Amino acid sequence: MSLPVTLRRVSAEHPNASLGGMANLFLASVATLYFELLTIRYLSTEVRVFTNLKNLPLIASFFGIGVGIILGKPGKRLSAVFPLVASVFFSIIRCAAWLHLPNTDVSWTYDLSQTAALGSFGRVWYAIRFIGLVFGLSSLIVALFVVLGGFVGESLKHIAALKGYGINLAGSLAGVLLFSALAFFNSGPAIWLLVGFALLVPFFPRVTPIILFLLAISVVAVPQRNTFWSPYYKIDFVPLPSPDASHQGAAYSIVTNHVWYQFLVNLSPAFLQRYPNAEPNRFLAPYYDLPYRLVPHPRNVLILGAGAGNDVAAALRHGAQHVDAVELDPIILRLGRQFHPENPYKSPNVTAHVNDARAFLKTTRNKYDLVVFAFLDSTTLLSGFSSLRLDNYVYTVESFGNARDVLSPDGTLVLSFATGRNFATDRLYKSVAKAFGVEPAAYFTRYWVNGILLVEGQGRTTIIPELFNAGPELQAKQNVILATDHWPFLYLQNRSIPTSILVVSALFLLTAWAFLRRLGLARGMTSGFSYQFFFLGAGFLLLETKGVTQMSLLFGSTWLVNAVIISSFLVMAIASNAVAAYFDISKVVSYGLLLFVLGADFWFPYSLLNGSASWMKIVVGGGWVALPVFFSGIIFSHSLKRQGRAAEALGINLFGAVVGGILENSVMVGGTPILGILAITLYLMSALASMLFRETDLAASRVR
């Protein structure tokens, strides 16, 4: 099959690469992966619509990189426009609140919010704004990464295929580690862009691009008072008005990613006696006392989602002898230590743990008189490579079973949530009942907007008379879908993909295909060569998502786990590339081992590792999760070694990753096991394409 002119033009390989060419490839690869992570993190934080469509920036960047790698060096006009587009894009993100972009949102149920209350014209206008915002920003992402991918593709043309691919992987790994290091030190967008644009200076050595880069950094660096950046959130910490001038710091408000998160309040008896009408203190006091109406004087208390310390302070006020306070976000915990008026984290009776709640439940050996599930609801997602909510594995049947196991014989579990009368409350109620084998006591509270309080254990027999008993209403619910580790979607009403995601995904694919046809690249993607690399890319992305979900169940849904998984996959790909360079391993053997490992994973006993030491989890669990990547990498590198054309192969591989990112949404229907099923299917299709592809066709295409 003849390749289009564009593809034939970039397919030549130059095996004798200079040191400068290899350095350029490495630096371009670092910058490309770095900006990919930066874009996903920053955009989803500031523009709320991308919180629930978080894999859209991912697939948009993959698509842009793929196009850029195939086309090679960007032309003068595109290179000249890049600094301006980058400056505009990041300035829009920084000014999103002023432009009211966070208000164009999808609801916590993943679908378009509040459209039912609008008239016909209102719904149409809402949809136009929604689509316009999503595709306007996605188009800018594609434009940026076409240029970045072009620098990678141009360098690949002058380096032997396997060597170039290895350098590209090493650069990508360095990009992940660089951004992860900045996250570790809680840096913000101004630092992110300063480092990122510094990586690009060798590719834009003139004065004008540098001025535009500095302009973007200056806009992003405009001071935001009392704003902090953690690995998970943008945190706005706002002091609230005090009852009088002598009591500064009586209350604070914490806002994460533009959504209110928590008040930090003084609820001590002395303060409330002196200022009985102080708000929000007066309003919140009964809420935080509720668990201790059920368990008046607990000895050992576990608080999951301890936040800035309100729940911890309540436990201490009611005589707790020891409190384990588990909080995922280190910055929120630090703010609580520094500013909480009651100083709960300074008590010798409190041990703070920066950890995922589920991970702590599975590793602690302590027994508790009271376990409090505070408001763990998150406004971010599991990772840049997944549509799973960060907190979902905390609210599953298995998680509630873990909580049951850490209760003392007469212990009590209390769970609070602001879901009111809807399917999420039904799911929570039935999931807790499944874990404990008995229906929990349930109350609708008036202390919180649409609040529900669930009680299990010894305290479930204690009546709170002033609250509305929700038990009979919730017991009567039928056919409620439970939240489990296999289907952890607390916020999805049914096993279905929300309309907003389906529409956006379909429109993106149609637009992307039209763009490829316009560039003359579509015809080159219909050969066996293209199909093989396409399906390898789609399968790889599903493996990555699958690995993140599996390791999250072992270590918790933390940013560090995500970084480690992505890095380990890249390390496996580098190792397989090195093996393929020196050994000629049969494709049949590689595909066979890959499919065997993927099939065996359905029966791999991950649960047996829960009580193991961290090093054992990393070596055994992490090694097993990453093993398929080694065999898929062998296949990729082996095919690249035989067929050459590294730029084209990588570009088409990334187009496959775009489709893999969209297929990832099927997890909302089939649960996490479907990721493995789809990965096996895609790798089988890759193997079939490899067998059908004839080397004579490749030789003919090279001649033409």
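Just above, that's the structure.
Because the structure is a prediction, the values reported are computed rather than measured. (Residues numbered from 1 in each chain as written. Predicted model: local features only at pLDDT ≥ 70, side-chain atom pairs only at ≥ 80, totals over all residues. Heavy atoms only, no water.)

Draft legend 1. Main features of empty space enclosed by the protein. Evaluated as defined, the whole model comprises 7 cavities of 30 Å³ or more. Space inside the largest cavity adds up to approximately 570 Å³. Taken together, 30 residues make up the lining of the largest cavity; nearest its centre are L169, F540, L570, N653 and L654. Contributing elements (two or more residues each) for the lining of the largest cavity: α2 (19-46), α3 (55-71), α6 (161-184), α18 (528-555), α19 (559-582), α21 (614-643) and α22 (646-663). The element that contributes the greatest number of residues to the lining of the largest cavity is α18, accounting for 5 residues. Of the residues in the lining of the largest cavity, the class split is 20 nonpolar, 8 polar and 2 charged. (1 Å grid on protein atoms, 1.4 Å probe; cavity = no way out; pocket = protein on both sides within 12 Å on 5 of 7 lines; lining within 4 Å. Points joined across faces, edges and corners; volume = space filled by probe spheres on them. Helix = DSSP H or I, 4+ residues; strand = E, 2+ residues; numbered from the N terminus. Nonpolar A, V, L, I, M, F, W, Y, C, P; charged D, E, K, R; others polar.)

Draft legend 2. Seen up close, helix α15 (residues 423-436). In this model, α15 (14 residues) spans 20 Å end to end at C-alpha, consistent with the 20 Å of a helix rising 1.5 Å per residue. The buried fraction of α15 amounts to 13 of the 14 residues, a majority that puts the element mostly inside the structure. The N-capping residue of α15, defined by a side-chain oxygen 2.9 Å from the backbone nitrogen of A424, is N422. (Expected span 1.5 Å × (residues − 1). Buried < 20%, exposed > 50% of the residue type's maximum accessible area, 1.4 Å probe, protein only. Polar contact = N/O pair within 3.5 Å; in protein donor to acceptor, adjacent residues only side chain to side chain.)

Draft legend 3. Representation of the packing of helix α20 (residues 587-600) against α21 in the model. Packing of α20 against α21 brings their axes to within 9 Å, and their N-to-C directions diverge by 160 degrees. Looking at the two axes, α20 sits roughly antiparallel to α21. At the point where α20 passes α21, the crossing takes the left-handed sense. Between α20 and α21, the residues in contact are K587, S590, Y591, L593, L594, V597, L598 and A600 and W624, L627, P628, F631, S632, I634, I635, H638, S639 and Q643, respectively. (Axes fitted to C-alpha atoms, helices over the stretch in contact; angles between N-to-C directions. Parallel < 35°, antiparallel > 145°, perpendicular 65-115°, else oblique. Left-handed = near helix turned anticlockwise from the far one by under 90°. Contact = heavy atoms within 4.5 Å.)

Draft legend 4. Up close: the packing of aromatic side chains. For the structure on display, the rule yields 43 aromatic pairs. With centroids separated by 4.8 Å and ring planes inclined at 65 degrees, the aromatic side chains of F604 and Y606 adopt a geometry described as edge-to-face. Residue Y606 is classed as buried on the basis of its relative accessible area, which comes to 14%. Here the basic side chain of R94 rests over the ring of W98, its NZ or CZ set 5.3 Å away from the ring centre. (Phe/Tyr/Trp six-rings, centres within 6.5 Å; stacked < 30°, edge-to-face > 60°. Lys NZ or Arg CZ within 6 Å of the ring centre and 35° of its normal.)

Draft legend 5. Main features of the sheet that holds strand β11 (residues 451-457). With mixed pairing, 8 strands are arranged side by side in an open sheet as β7-β6-β5-β8-β9-β11-β10-β12. This sheet does not close on itself; its edge strands, each paired only once, are β7 (350-354) and β12 (468-469). Bridge analysis of strand β6 (residues 322-327) against β7 gives 5 bridges, and the strand direction is parallel. Across the sheet, the residue bridging to V326 is H353, located in β7. Along the sheet, helix α12 (residues 330-339) contacts β6 and β7; its crossing angle with β7, the most-contacted strand, is approximately 155 degrees. Here α15 sits on the sheet and contacts β9 (407-417), β10 (441-445) and β11; the angle it forms with β11, its principal contact strand, is near 5 degrees. (Pairing = 2+ DSSP bridges.)

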